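Read off the chains here:
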Amino acid sequence: MEAVVTETNVDPIARLIDFADREHDAFACVVGSSPQMLRAKALLARIASTRASTVLITGESGTGKDLVAKAMHACSQRRGGPFVNVTCSALPAHLLESELFGHERGAFTDAKARKLGLVEQADGGTLFLDEMGEMDLLLQAKLLRVLEDKTFRRIGGTVDLRVDVRVVAATHVDLRAAVAERRFREDLYYRLAVLTVHLPALRERCGDIRELASLFAQRFAREFGSPARVIAPAAMRMLEHHAWRGNVRELKNTIERAVLLARGPVLDVGDLELEGMASTDAAPSIRLPERGIDLAELERSLVMQALTRCHGNLTHAARLLGLNRDQVRYRIEKFRLSPERGRSGGCEPQMCDRPARHEAERVQQAVGRGHPLDADPVRARELADLEHGGQEHRGRDRAGRDEQ
Ligand SMILES: Nc1ncnc2c1ncn2[C@@H]1O[C@H](COP(=O)(O)OP(=O)(O)OP(=O)(O)O)[C@@H](O)[C@H]1O
Ligand SMILES: [Mg+2]
């Protein structure tokens, strides 16, 4: 059981409840004020307060599905009950079945005594099924019964047992595609999808990067006793323009490393190591020559080369450059690149114009502040404490899987 249960202790949840109550914001621990995150948090808060028994949270790896699931429990009417966290991919199907549904004495050779399953242990609270897309098809059928009838049987049992659980399922897998490939039951998909909350990728909400990065810097500086608790404007711009394939987790790890290795009180560009910056095949070609380089010209040239190679296709060029489309548009405007040079048909100026200007204004604002960016230290400390609560349990059970 230890292998899959990451948290049955209510302590971390109690901290979340306390924090949410003090902040007068049910999802205060979920940082982000971009329109996408505000929408997601408002929907989560609405769902949390209802009697909904099934919720699906989708989003790429590192977008905060675990965090949101706990927060949702912490502000639901079930907050006094258990929060049971199960990683569906952590065990082979037969073991997961026994963990989830328990067994009667003598159900199989090793079943020396009756064992209560996690579904039963979550009675009155929340059962968080993480990596739901990985669940075996036969188990999916048993789970559907729990969702629809609120009943299940222990392995080897002959009576149906009733439970009162809210099932919060999370997945980074496209369940619709899994249904099409017959890897996921269609009936279960429709049952789960009634209330779906999608957590946007960090690159789709660049406006949240500043707040997250500042809070992480405060948090790690305090944790490691480091003076490096603020981020210089140039470093912040770099963070805001990175592609963040690993989402908030990658940003958090980047700041943690920077704080640990920083040489002064301000984290600057040189303290950041972003994915793609030092890849083995790119490193030799971007080694700094003795006489220095014209960085702006190098950037302009690389963007131009990518556009030319991709015949002006922004999506493809963005992929080559490790950027998103808006970031490429921003550079097209910044360097006044002639769209026609990018592709034979040209990249329509009106298409590039508005988002690029918006991006440019945003960057301009960041530059305009001209001083290291501070986060609210009290809030950073409280958020750090929240994570510490869950950390001990996760550390024990999910070693090597999560950085926490
Ligand atoms: N909006 C946020 N505010 C503060 N911290 C966040 C936020 N989103 C994610 N995090 C932090 O980033 C890390 C990764 O988040 P989490 O584990 O919840 O992601 P996930 O979507 O469950 O990832 P995976 O699919 O890999 O399991 C955690 O330390 C989490 O606390
Ligand atoms: Mg997760």
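This is a predicted model, so every value here is computed, not measured. Counting starts from 1 at the beginning of each chain's written sequence and moves along it residue by residue. As they are written, the chains are lettered A onward and the ligands numbered 1 onward, keeping that order. In keeping with the predicted nature of the model, local features appear solely for residues at pLDDT of at least 70, side-chain atom pairs appear and are counted solely at 80 or more, and the whole-chain, interface and lining totals rest on all residues.

### Some remarks on the overall build of the protein
Part 1: When you go through the protein residue by residue, the secondary structure sums to 17 helices and eleven strands.
Part 2: For the protein, the residues scored as buried account for 38% of the 404 residues in total.
Part 3: Throughout, a pair of residues is in contact if the C-beta atoms placed from their backbones lie within 7 Å. Of the contacts formed within the protein by residues at least 6 apart in sequence, a portion of 76% connects residues at least 24 apart. Strands here mean DSSP runs of E at least two residues long; helices mean DSSP runs of H or I at least four residues long; both are numbered from the N terminus. With C-beta atoms placed from the backbone, the exposure class of a residue follows from how many other C-beta atoms lie within 10 Å of its own: 20 or more, buried; 12 or fewer, exposed; in between, partly exposed.

### Description of the nonpolar core
Part 1: Ala71 and Leu127 are the most contacted members of the largest nonpolar core, which totals 76 residues.
Part 2: Top contributing element to this core by residue count: helix H9 (residues 209–224), with seven residues.
Part 3: In terms of domain composition, this core takes at least three residues from each of domain 1 (11–200) and domain 2 (206–286 + 295–369). Definition of nonpolar core: a set of buried Ala, Val, Leu, Ile, Met, Phe, Trp, Tyr and Cys residues joined via C-beta atoms within 7 Å. Here the bounds of each domain stem from an automatic or database domain assignment.

### Re the site of ligand 1
Part 1: In this text, near has one meaning. A residue is near a molecule or strand if its C-beta atom, placed using the backbone, is within 6 Å of it. Close to ligand 1 lie 18 residues; Val31, Ser61, Gly64, Lys65 and Asp66 are nearest.
Part 2: Those elements that place two or more of their residues in the shell around ligand 1 are helix H3 (65–74) and helix H11 (247–261).
Part 3: When residues are assigned to domains, the shell around ligand 1 turns out to be shared by domain 1 (11–200) and domain 2 (206–286 + 295–369), each giving three or more.

### Examining the sheet that holds strand E2 (residues 83–87)
Part 1: DSSP-based pairing: two strands are paired if at least 2 bridges between them are found. An order of E2-E5-E8-E1-E9 is seen for the five strands of this open sheet, with the pairing classed as parallel. Two strands bound the open sheet, and with one partner strand each, they are E2 and strand E9 (196–198). Recorded for the sheet is a direction-independent mean angle of 20° between the axes of neighbouring strands.
Part 2: Two elements, strand E5 (residues 126–130) and strand E8 (residues 166–171), share four bridges in a ladder whose sense is parallel. Across the sheet, residue Leu129 finds its bridge partner in E8, namely Ala169. Axes here mean lines fitted to C-alpha atoms, for a helix over just the part in contact, with angles spanning 0 to 180 degrees between N-to-C directions.

### Remarks on the packing of helix H13 (residues 314–321) against helix H14 (residues 325–334)
Part 1: Contact geometry for H13 and H14: axes closest at 8 Å, N-to-C directions at 95°. Judged by the angle between their axes, H13 and H14 are roughly perpendicular. Taking contact as the criterion, the partners of Leu314, Thr315, Ala317, Ala318 and Leu321 in H13 are, on H14, Arg325, Gln327, Val328 and Arg329.
Part 2: Under the convention adopted here, Pro, Cys and the residues Ala, Val, Leu, Ile, Met, Phe, Trp and Tyr are nonpolar, Asp, Glu, Lys and Arg are charged, and Gly plus all remaining residues are polar. For the contact of H13 with H14, the class distribution of residues is five nonpolar, two polar and two charged. An angle below 35 degrees is read as roughly parallel, one above 145 as roughly antiparallel, one from 65 to 115 as roughly perpendicular, and any other as oblique.

### A few points about the pairing of E8
Part 1: Counting buried positions over the six residues of E8 gives six, a clear majority of the element.
Part 2: Along E8, one buried face is formed by Arg166, Val168 and Ala170 and the opposite face, lined by Val167, Ala169 and Thr171, is buried too.
Part 3: Taken together, the five bridges between strand E1 (residues 54–58) and E8 define a ladder with parallel strand orientation. Bridge pairing links Ile57 to Ala170 in E8.

### Examining the confidence of the model for the protein
Part 1: Of the residues in the protein, 77% reach a pLDDT of 70 or more, and the chain-wide mean stands at 80.
Part 2: Every residue is assigned a pLDDT by the predictor, reflecting its confidence on a scale from 0 to 100. Confidence scores differ between elements of the protein, with helix H16 (residues 349–369) showing the lowest mean pLDDT of 33 and E8 the highest of 97.
Part 3: pLDDT under 50 marks residues 278–285. Its contacts with residues more than four places away, or in other chains, come to two contacts.
Part 4: Confidence drops under a pLDDT of 50 for residues 389–404, and excluding neighbours within four residues, the segment shows 20 contacts in the predicted structure.

### Observations concerning unusual backbone geometry
Part 1: For Lys150, which is not glycine, the phi torsion reads 60° and is therefore positive.
Part 2: Locating Lys150 in the fold gives a position in the loop between helix H6 (137–149) and strand E6 (151–152).
Part 3: By C-beta crowding, Lys150 is classed as partly exposed, having 14 other C-beta atoms within 10 Å.
Part 4: Of note, Asn247 is a non-glycine position whose phi angle comes to about 55°, a positive value.
Part 5: Relative to the helices and strands, Asn247 resides in helix H11.
Part 6: Note on Asn247: 22 C-beta atoms within 10 Å, which makes it buried.

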